[in-house]
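What follows is each chain in one-letter form.
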Amino acid sequence: MHPPTLFTKQTFKPLLQVCSSCPNQLKQIHAIVLSTGLSIKNSLITQLLTCFTILGDMPYARQLFDEMHKPRTFLWNTLIKGYVKNELPCEAASVYRQMHSLGISPDPFTYPFVVKACSGLGETWEGEAIHGHVVKYGLEFVAMVRTELMIMYVKFGELGLADFLFESMVERDLVAWNALIAACVQMGYAGKALSLFRQIGVDGIQPDAVSVVSALSGCGQLGCLEIGEEIYRLARKEGIDCNIIVENAHLDMYVKCGSVEMARDLFEIIPCRNVVSWSTMIAGYAMNGESEKALALFSRMQSEGLKPNYVTYLGVLSACSHSGLVSQGRAYFNRMAHSGDKNIQPRKEHYACMVDLLGRSGHLDEAFNFIKSMPMEPDSGVWGALLGACVIHQNLELAQHVADNLFEVAPAIASYHVLLSNVYATAGRWDCVDKVRLRMRKKGIKKITAYSSVESDGEIHVFFGGDRSHPQSASIYDKLEELLKQMKCIGYIPKTGYVLHDVEMEDKEVTLSTHSEKLGIVFGLINVKPEYPIRVMKNLRVCEDCHTFSKFISKITGRNIIMRDKKRFHHFRNGVCSCKDFW
DNA sequence: GTAGGGTTAG
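The structure displayed is predicted, hence computed values, not measured ones.

## Some points on the overall build of chain A
Okay, step 1: When helices and strands are tallied, chain A shows 29 helices and six strands.
Okay, step 2: Computed over C-alpha atoms, the radius of gyration of chain A comes to 27 Å, within 12% of the 25 Å expected from 2.2 N^0.38 for 583 residues, which places it in the range of a compact globule.
Okay, step 3: By its C-alpha atoms, chain A is 100 × 60 × 55 Å across when sized along the principal axes.
Okay, step 4: Counting all 583 residues of chain A, 50% fall into the buried class.
Okay, step 5: Taking the contacts inside chain A whose residues are at least 6 apart along the sequence as the reference set, 65% of them involve residues at least 24 apart.
Okay, step 6: Per element, the accessible surface of chain A, about 27400 Å² overall, is 55% carbon and sulfur.
Okay, step 7: Between the mean site of the 62 positive side-chain charges and the mean site of the 61 negative ones, chain A shows a separation of 3 Å.

Here it is in structure tokens:
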């Protein structure tokens, strides 16, 4: 029997269509063709290459690429795109460098992905070099290239350069607006993102669902409920398609503003809830300390036939962690590990969650052994969780050991140095505290300045510790003094000793009584209508004294205070906090 | 023949 005389595009096309989602079958086809000893046309390898990049088997795609005779620019582009889509920016950049050194001319389609690879790499010099190439080839005004360059500079924190590229864009279309807004939100510049969102109209362009998603996400980040509501209402009025992604962003905005009830009501009426909606709601309950509801929702999700993913499990474990449900946490973790489903095998984040749960509940040894049992290298999140637990339980010896490991994987994260310093401080080891501070200064590690923000009448008011820049400062400080007096009469004692948790080391002149969250709360008391809760958002963890202060305030004023810190929500009502003082 | 923007977690 003779083999087919020649494999052509026509032979392959139907085969590839049938097998395009199955890597093994594709590989078999490739092997059969090779075994005939006939030469394979580049166009056929091209089709295979595209299939494998989509399927995510980049090693095989690379092998195919290397077999090709003089691949043309289009194929280099395909390979680069494959690496970027499979989150391998390093490989993508290296392919581009190879292409460049071989003198292959790039085309307008080359750069969007090369630039995206640079954003992912985070190497500023490399990004700037690529920008140079773009200019050299005269491609800087190609809209897609420019848009990607703009995103890259936002990711590098070079907002000025991003602005310049945006302002001087020839065809500044909706995608360019959306790209810039989304990049700003993702990098934590939500205020800038919202101000851009408001300006979209100046180009005579209407925002679409993508713009609204980013804007809502920005509102969640800032904790501005009123602005978020207004944006959603307008989107509806303007007839913008409020698809499931918009609704999920809407839901997330409620969650991040601490409005669990509003989130729940919305969740119940979202038409086509998907795994993101369920995960958001579960995590929302978890963050707000309603662990029973989170776990009940998780059961309901499964009984409705929806498959949880690894993010869903993060919500479940964090629910356990925020409420100290140790045995349940262990059970959920084991369920993941033994599920046989590779999509929900525990990742580093799940280990970090478990370490947090075990450690804060006082099982420090178990937490430490748990880390040792990890099948992958623990990252700073995992070690950081244990260090946090060491601070709470004042285990100096373990803390030092943990810190050694932690600083090896993450030497420059300020909050971890602060945590270690707090362990020493609590133990009265001021010599060691000084050493930590000295090390931070030597390495140029700057502590993050704490601030709190409060929304009032659609505006965000930001307060730093000891801040007197707010126009209402005088009345805020007067009211604060008056309240402190009242509180002391009913038993409030300022905790002037060293604070626990990863709270910033305040400058010496910033006294405890003027921490940013206290100023925020008092501002809220003066400005927020009595029927509404006061929502305070803090960029770091709330300190112990401010936590106590808030409980007293909620008691003496009868106001509800919702405080979001770096990790969770605290709902203060009538002298009690929803976290039950376990945080 | 190929192309830029969106939601959960961290």
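## Details of the protein's contact with DNA strand B
Okay, step 1: Taken together, 39 residues form the shell around DNA strand B, and within it Lys-81, Lys-116, Met-144, Glu-148 and Asn-178 come nearest.
Okay, step 2: Within the side chain of Asp-173, an N or O atom sits 2.7 Å from a base nitrogen of DNA strand B.
Okay, step 3: Between DNA strand B and Ser-279 there is a distance of 3.3 Å, counted from a base oxygen to a side-chain nitrogen or oxygen.
Okay, step 4: Of all the secondary-structure elements, those providing two or more residues to the surface near DNA strand B are α5 (73-85), α7 (111-121), α9 (143-155), α11 (174-186), α13 (209-222), α15 (244-256), α17 (275-287) and α19 (310-323).
Okay, step 5: Broken down by element, the surface near DNA strand B gets its largest block of residues, six residues, from α11.
Okay, step 6: Here the residues of the surface near DNA strand B sort into 20 nonpolar, 10 polar and nine charged.

## Details of the nonpolar core
Okay, step 1: Within the largest apolar cluster, 143 residues are counted, with the highest numbers of intra-cluster contacts made by Tyr-111, Ile-231 and Leu-386.
Okay, step 2: Beyond its immediate chain neighbours, meaning those up to four positions away, Tyr-111 contacts Tyr-96, Pro-106, Ile-130, His-133, Val-134, Tyr-137, Leu-139 and Val-145.
Okay, step 3: Core analysis: the next-biggest nonpolar cluster, separate from the first, contains 30 residues, Met-487, Leu-525, Val-536 and Cys-543 among them.

## What about the environment of Ile-521?
Okay, step 1: In this fold, Ile-521 is placed in helix α28 (residues 516-527).
Okay, step 2: Relative accessible area serves as the criterion here: at 0%, Ile-521 is assigned to the buried category.
Okay, step 3: Other than its neighbours up to four places away in sequence, Ile-521 contacts Ile-534, Val-536, Phe-549, Ser-550, Ile-553, Ile-561 and Met-563.

## Concerning the environment of Ala-319
Okay, step 1: Along the chain, Ala-319 falls in helix α19.
Okay, step 2: Along the chain, Ala-319 and Leu-295 lie 24 residues apart, while their C-alpha atoms are 7.5 Å from each other.
Okay, step 3: With residues near it in sequence (within four places) discarded, Ala-319 still touches Ala-286, Ser-291, Ala-294 and Leu-295.

## Overview of the UniProt feature "repeat: PPR" (unreviewed entry) in chain A
Okay, step 1: According to UniProt, the "repeat: PPR" (unreviewed entry) feature falls on residues 72-106, 173-207 and 274-308.
Okay, step 2: Along residues 72-106 the backbone is 74% helical and 0% strand, and the end-to-end C-alpha distance reaches 10 Å.

## Examining the pattern of salt bridges
Okay, step 1: For the structure shown, the criterion picks out 22 salt bridges.
Okay, step 2: Note that Asp-66 and Arg-62 form a salt bridge whose closest N and O atoms lie 3.4 Å from each other. Of the two residues, Asp-66 and Arg-62 both sit in helix α4 (residues 58-67), four residues apart, roughly one turn of that helix.
Okay, step 3: We classify Arg-62 as buried; its relative accessible area is 19%.
Okay, step 4: For Asp-545, the salt bridge goes to Lys-518, with nearest N and O atoms at 2.8 Å. One end of the pair, Asp-545, is in helix α29 (residues 544-557); the other, Lys-518, is in helix α28, and 27 residues separate them in sequence. Lys-518 carries the same exposure label as Asp-545, and that label is buried.

## Observations regarding the packing of helix α22 (residues 364-372) against helix α23 (residues 380-392)
Okay, step 1: Closest axis-to-axis distance for the α22/α23 pair is 11 Å, and the angle between their directions is 170 degrees. With respect to each other, α22 and α23 are oriented roughly antiparallel. Judged by the twist between their axes, the crossing of α22 over α23 is left-handed. Contacts from Leu-364, Ala-367, Phe-368 and Ile-371 in α22 reach Val-382, Trp-383, Leu-386, Ala-389 and Cys-390 in α23.
Okay, step 2: Split by residue class, the contact of α22 with α23 holds nine nonpolar, no polar and no charged.

## Regarding unusual backbone geometry
The general pattern is negative phi for most residues beyond glycine and trans for most peptide bonds.
Okay, step 1: In this model, Gln-394 sits at a positive phi of 50 degrees, which is unusual for a non-glycine residue.
Okay, step 2: Along the chain, the position of Gln-394 falls in the loop between α23 and α24 (396-409).
Okay, step 3: The class of Gln-394 is partly exposed, set by a relative accessible area of 48%.
Okay, step 4: The phi torsion at Asp-457 lies on the positive side, around 50 degrees, for a residue other than glycine.
Okay, step 5: Mapped onto the elements, Asp-457 comes out in the loop between β1 (451-456) and β2 (459-464).

## Brief notes about helix α20 (residues 326-337)
Okay, step 1: Helix length check: α20 (12 residues) gives 17 Å between terminal C-alpha atoms against 16 Å at 1.5 Å per residue, within 8%.
Okay, step 2: Considering only its buried residues, α20 is in contact with α18 (291-303), α19, α21 (348-360) and α22.

## Structural notes on the packing of α24 against helix α25 (residues 414-426)
Okay, step 1: Following both chains from N to C, one finds α24 and α25 inclined at 165 degrees, their axes separated by 10 Å at the closest point. With respect to α25, the element α24 is oriented roughly antiparallel. Like other packed secondary-structure pairs, α24 and α25 cross with a definite hand, here left-handed. Within the contact between the two elements, α24 uses Leu-396, Ala-399, Gln-400, Ala-403, Leu-406 and Phe-407 and α25 uses Tyr-416, His-417, Leu-420, Val-423 and Tyr-424.
Okay, step 2: Split by residue class, the contact of α24 with α25 holds nine nonpolar, two polar and no charged.

Conventions and cut-offs
- Residues numbered from 1 in each chain as written.
- Chains lettered and ligands numbered in written order.
- Predicted model: local features only at pLDDT ≥ 70, side-chain atom pairs only at ≥ 80, totals over all residues.
- Heavy atoms only, no water.
- Helix = DSSP H or I, 4+ residues; strand = E, 2+ residues; numbered from the N terminus.
- Rg over C-alpha atoms; globule rule 2.2 N^0.38 Å.
- Buried < 20%, exposed > 50% of the residue type's maximum accessible area, 1.4 Å probe, protein only.
- Contact = heavy atoms within 4.5 Å.
- Areas by Shrake-Rupley, 256 points an atom, 1.4 Å probe, with all protein chains shown as cover.
- Lys, Arg positive; Asp, Glu negative; His and termini not counted.
- Charge placed at Lys NZ, Arg CZ, Asp CG, Glu CD.
- Near = heavy atom within 4 Å.
- Polar contact = N/O pair within 3.5 Å; in protein donor to acceptor, adjacent residues only side chain to side chain.
- Nonpolar A, V, L, I, M, F, W, Y, C, P; charged D, E, K, R; others polar.
- Core = buried A, V, L, I, M, F, W, Y, C linked by side-chain atoms within 4.5 Å.
- UniProt positions renumbered as here; feature names shortened; annotations may be inferred.
- Salt bridge = Lys/Arg side-chain N within 4 Å of Asp/Glu carboxyl O.
- Axes fitted to C-alpha atoms, helices over the stretch in contact; angles between N-to-C directions.
- Parallel < 35°, antiparallel > 145°, perpendicular 65-115°, else oblique.
- Left-handed = near helix turned anticlockwise from the far one by under 90°.
- Expected span 1.5 Å × (residues − 1).

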